[in-house]
Amino acid sequence: MTTPLPALYPVESDACMLICMQSTSVRIDRKTHDDLKRLAADLDLTVGATVALAVRRMRQERMGRQLARPLGADEIAWLDADLG
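These numbers were taken from a predicted model, which means no experiment stands behind them.

Here we come to the environment of V47. Following the sequence through the fold, V47 ends up in helix α3 (residues 47-68). Each C-alpha atom of the pair V47 and K37 lies 6.1 Å from the other, and the pair is 10 residues apart in sequence. In contact with V47, other than residues within four places in its own chain, are L36, K37 and A40.

Shown next as structure tokens:
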């Protein structure tokens with residue numbers, strides 16, 4: 001039988017990440033910081049989680065733009081290559 005962890009050590013991955021992750025500071029202007037805090041509050045997230053979500057969203061949008069562009073000649077040739 002396993003002993004439950006005390007409430008001080010949450011088992012949810014997001015909460016554990018807050019305990020285990022290293023942190024750093026990013027310098028932003030006051031207006032951006034205020035906007036970020038308001039957005040975090042609206043989303044019911046921490047400021048750090050809101051930044052992580054924004055970064056993920058920007059990566060996904062960039063990937064979507066890359067996937068939507070027409071294939072280049074070298075990519076078409078590679079896809080049409082004879083495998084035999």
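The rest of the description comes next.
For the structure on display, the rule yields four salt bridges. A salt bridge links D35 to K31; the nearest nitrogen and oxygen atoms lie 2.8 Å apart. On the criterion of helical spacing, the pair formed by D35 and K31 is a turn pair, its members being four residues apart in helix α2 (residues 30-43). Owing to a relative accessible area of 30%, D35 belongs among the partly exposed residues under this scheme. Note that R69 and E75 form a salt bridge whose closest N and O atoms lie 3.4 Å from each other. With a relative accessible area of 44%, R69 lands in the partly exposed category. On the basis of relative accessibility, which here comes to 27%, the residue E75 falls in the partly exposed class. In the salt-bridge network here, residues are joined through shared partners; they are K31, D35 and R38.

When its volume is computed, the largest pocket comes out at roughly 350 Å³. Lining the largest pocket are 14 residues, and of these T24, V26, V47, G48 and V51 lie nearest its centre. The set of elements that each furnish at least two residues to the lining of the largest pocket consists of α2 and α3. Residues of the lining of the largest pocket, tallied by class, amount to seven nonpolar, seven polar and no charged.

To continue, consider α2. Given a rise of 1.5 Å per residue, 14 residues ought to cover 20 Å, and the 20 Å separating the end C-alpha atoms of α2 matches this to within 8%. One side-chain oxygen at the N-terminal end of α2 lies 3.1 Å from the backbone nitrogen of K31; it belongs to D29. The first or second residue beyond α2 is D44, which carries a positive phi of 55°.

With that settled, the discussion passes to the side chain of T50. Along the chain, T50 falls in helix α3. We classify T50 as buried; its relative accessible area is 3%. In this view, T50 contacts L36, L39, A40, L43 and L45; residues no more than four positions away in its chain are not counted.

The rules behind these values
- Residues numbered from 1 in each chain as written.
- Predicted model: local features only at pLDDT ≥ 70, side-chain atom pairs only at ≥ 80, totals over all residues.
- Heavy atoms only, no water.
- Helix = DSSP H or I, 4+ residues; strand = E, 2+ residues; numbered from the N terminus.
- Contact = heavy atoms within 4.5 Å.
- Salt bridge = Lys/Arg side-chain N within 4 Å of Asp/Glu carboxyl O.
- Buried < 20%, exposed > 50% of the residue type's maximum accessible area, 1.4 Å probe, protein only.
- 1 Å grid on protein atoms, 1.4 Å probe; cavity = no way out; pocket = protein on both sides within 12 Å on 5 of 7 lines; lining within 4 Å.
- Points joined across faces, edges and corners; volume = space filled by probe spheres on them.
- Nonpolar A, V, L, I, M, F, W, Y, C, P; charged D, E, K, R; others polar.
- Expected span 1.5 Å × (residues − 1).
- Polar contact = N/O pair within 3.5 Å; in protein donor to acceptor, adjacent residues only side chain to side chain.

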